[in-house]
Amino acid sequence: MAGKPPSTIGSVLGAAAIELMAAGLDEPRRRARRVLATALDLSATEIFAHPERALTATDQERIAATLRRVIAGEPLSRIAGMREFWGLEFVLSVDTLDPRPETETIIEEVLARAPDRDTPHRFLDLGTGSGCLLLALLSEFPRASGVGVDIALGAARTAHHNAGRLGLGGRASFVVDDWARSLGAGFDAIVANPPYISTAALAELPPEVRNYDPKRALDGGADGLGAFRAIAAELPRLLLPGGFFAIEIGAGQAAAVAAILMQTGLRIDRFASDLAGIVRCVVGRR
Ligand SMILES: C[S@@+](CC[C@H](N)C(=O)[O-])C[C@H]1O[C@@H](n2cnc3c(N)ncnc32)[C@H](O)[C@@H]1O
């Protein structure tokens, strides 16, 4: 009599997708591929390409454990401890936000505004988290250098670690500060993705955000605009003549943030929308 057929990527993938669907999670097939990829430390493409590959008992235990965590609401990026941003891999820690794809809008705006990649720009990234914005920029501008600031020591450490992993450590430095109080002038471009959710709205965030992203990365104070006020007060001093800024904003915050920035004498040049059509980034200059 033939024994039980060996478990393969294909068969376990199908079963995982059914479990994810039963748990009410969207895109169960795609999610199942990512679960297997994370558990087996393979790329989603490798999972896709090798459905016939046999799985050991250890592989299957790892997949089952990862699946349980996903069904319990833990983001896969947190389980893997990694997130891709601008095509680069960033290590995450409990002190860093899990970078969001819409934040890449800032990088697109800087590239549009500063087309010459050989310029030795000096960038400043306020609220650097994993370092994703500063390091993505340094990857695009090979002669540029920059500083990333975060109030969370753990975030600055993770960003420093990411800079080294990405081979950008020689051009990036990280400081722990309350925005840029200790920094002097001299930046050609300043980027920031500040916390911009009102304190009251934090409780309404989906559990995968509320339970896993650090509160300091999300909480924008009573009206969600506190960090913009603090940053706006510092930008005129920090930017070189001709320097510009690109700052992420939350849905519906464009007019209020523009008013805050203009009150400090800054000029607004444009608003940029993300792929979902939400106004996501304000760009302006001294
Ligand atoms: C929304 S997260 C952005 C992280 C990263 N730039 C990204 O886009 O993924 C905001 C960051 O600002 C930092 N932050 C909050 N308050 C700060 C302050 N007063 N000074 C400096 N950084 C601050 C948080 O620790 C967090 O890392």
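Residues numbered from 1 in each chain as written. Predicted model: local features only at pLDDT ≥ 70, side-chain atom pairs only at ≥ 80, totals over all residues. Heavy atoms only, no water.

> Account for the sheet that holds strand S8 (residues 267-273), with residues named and values stated.
The mixed open sheet is built from 7 strands, whose spatial order is S5-S4-S3-S6-S7-S9-S8. The strands lining the two open edges of the sheet, one partner per strand, are strand S5 (172-176) and S8. If you compare each strand with its neighbour and ignore which way they point, the axes differ by 15° on average. In the sheet, strand S4 (residues 145-150) pairs with S5 via 5 bridges, with the strands oriented parallel. Across the sheet, the residue bridging to Val149 is Val175, located in S5. Across the face of the sheet, helix H6 (residues 104-113) comes into contact with strand S3 (122-126), strand S6 (187-192), strand S7 (239-248), S8 and strand S9 (279-285) while running at roughly 35° to S9. Packing against the sheet, helix H12 (residues 254-263) makes contact with S7, S8 and S9, and its axis sits at approximately 155° to S8. (Pairing = 2+ DSSP bridges. Helix = DSSP H or I, 4+ residues; strand = E, 2+ residues; numbered from the N terminus. Axes fitted to C-alpha atoms, helices over the stretch in contact; angles between N-to-C directions. Contact = heavy atoms within 4.5 Å.)

> Describe the domain arrangement of the chain, listing the residues and the values that go with them.
Domain boundaries in the chain define domain 1 (9-72) and domain 2 (93-285). A C-alpha centroid distance of 34 Å is found between domain 1 and domain 2. (Domains from an automatic or database assignment.)

> An account of the nonpolar core is requested, with residue identities and associated values reported.
Residues Leu124, Leu126, Ile190, Leu235, Ile247 and Leu261 are the most contacted members of the largest nonpolar core, which totals 34 residues. Broken down by secondary-structure element, the contributors of at least two residues to this core are S3, S4, S6, helix H11 (226-238), S7 and H12. Counting residues per element, this core draws most heavily on H11, at 6 residues. Residues within four places of Leu126 in sequence aside, it is in contact with Val149, Trp179, Ala180, Ile190, Val191, Ala192, Asn193, Ile231 and Leu235. Listed in part, the 31 residues of the second largest apolar core include Leu135, Leu138, Ala172 and Ala189. (Core = buried A, V, L, I, M, F, W, Y, C linked by side-chain atoms within 4.5 Å. Buried < 20%, exposed > 50% of the residue type's maximum accessible area, 1.4 Å probe, protein only.)

> Please provide a residue-by-residue account of the packing of helix H2 (residues 28-40) against helix H4 (residues 57-71), values included.
Describing two packed helices takes the angle between their axes plus the distance from one axis to the other. With their axes 9 Å apart at the nearest point, H2 and H4 run at an angle of 125° to one another. One finds that H2 runs oblique with respect to H4. For H2 against H4, the interelement crossing comes out right-handed. On H4, the residues that touch Arg31, Val35, Leu36, Ala39 and Leu40 of H2 are Asp59, Arg62, Ile63, Thr66, Leu67 and Val70. Classifying every residue of the contact of H2 with H4 gives 7 nonpolar, 1 polar and 3 charged. (Parallel < 35°, antiparallel > 145°, perpendicular 65-115°, else oblique. Left-handed = near helix turned anticlockwise from the far one by under 90°. Nonpolar A, V, L, I, M, F, W, Y, C, P; charged D, E, K, R; others polar.)

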